[in-house]
Amino acid sequence: MKRKSVIPRTLATQDVEQAIEYYLEEQAVQAALGFIDDLEQAYDHIARHPASGSPRLGHELNLPDLRSWPLNTFPYRVFYREATDHIDVWRVLHQKRDIPSSLQSAD
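Residues numbered from 1 in each chain as written. Predicted model: local features only at pLDDT ≥ 70, side-chain atom pairs only at ≥ 80, totals over all residues. Heavy atoms only, no water.

**Section: the packing of aromatic side chains**
Per the stated rule, a full pass over the model turns up five aromatic pairs. Judged by centre distance (6.0 Å) and plane angle (45 degrees), the rings of Tyr-23 and Phe-35 are tilted. Here Tyr-23 is found in helix H1 (residues 10-25), whereas its partner Phe-35 is found in helix H2 (residues 29-48), with 12 residues between them in sequence. In this structure Tyr-23 comes out as buried when scored by relative accessible area, which is 12%. Aromatic rings pair up to connect Tyr-22, Tyr-23, Phe-35, Phe-74 and Tyr-76 into one cluster. (Phe/Tyr/Trp six-rings, centres within 6.5 Å; stacked < 30°, edge-to-face > 60°. Helix = DSSP H or I, 4+ residues; strand = E, 2+ residues; numbered from the N terminus. Buried < 20%, exposed > 50% of the residue type's maximum accessible area, 1.4 Å probe, protein only.)

Here is the structure:
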């Protein structure tokens, strides 16, 4: 399968920036770097295998094309839709957040 480009929306970029800022405020530079590496791996995975993400929350929220993929070692999920020529990343959310309301604001 051809690798698609991953394009984060503004809210997804803000989510990532907030997570990194949190780790840096906690003086956890290695955690911030690990988060970035983990996120890059998740982006690479969904770029190569977009259909592998879970559609569960998308179905629950009546957003049938929405999928999610977890980061390996950090408690975050990437929420995205596959477009014809790219991956549209809606949000990158901590798993303890109110994910349904966060996703509805991204719609």
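**Describing the pairing of strand S3 (residues 76-82)**
Of all seven residues that make up S3, five are buried, and the element is covered over most of its length. In this structure, strand S2 (residues 66-70) lies alongside S3, joined through five bridges in antiparallel fashion. Paired with Ser-68 across the strands is Phe-79, a residue of S3. Hairpin connection from S2 to S3: five residues lie between these consecutive antiparallel strands. Examined bridge by bridge, S3 and strand S4 (residues 86-94) share seven bridges and lie antiparallel to one another. In the sheet register, Tyr-76 faces S4, and the bridge partner there is His-94. Counted along the chain from S3 to the antiparallel partner S4, the turn is three residues long. (Pairing = 2+ DSSP bridges.)

These figures come from the coordinates and say nothing about function on their own.
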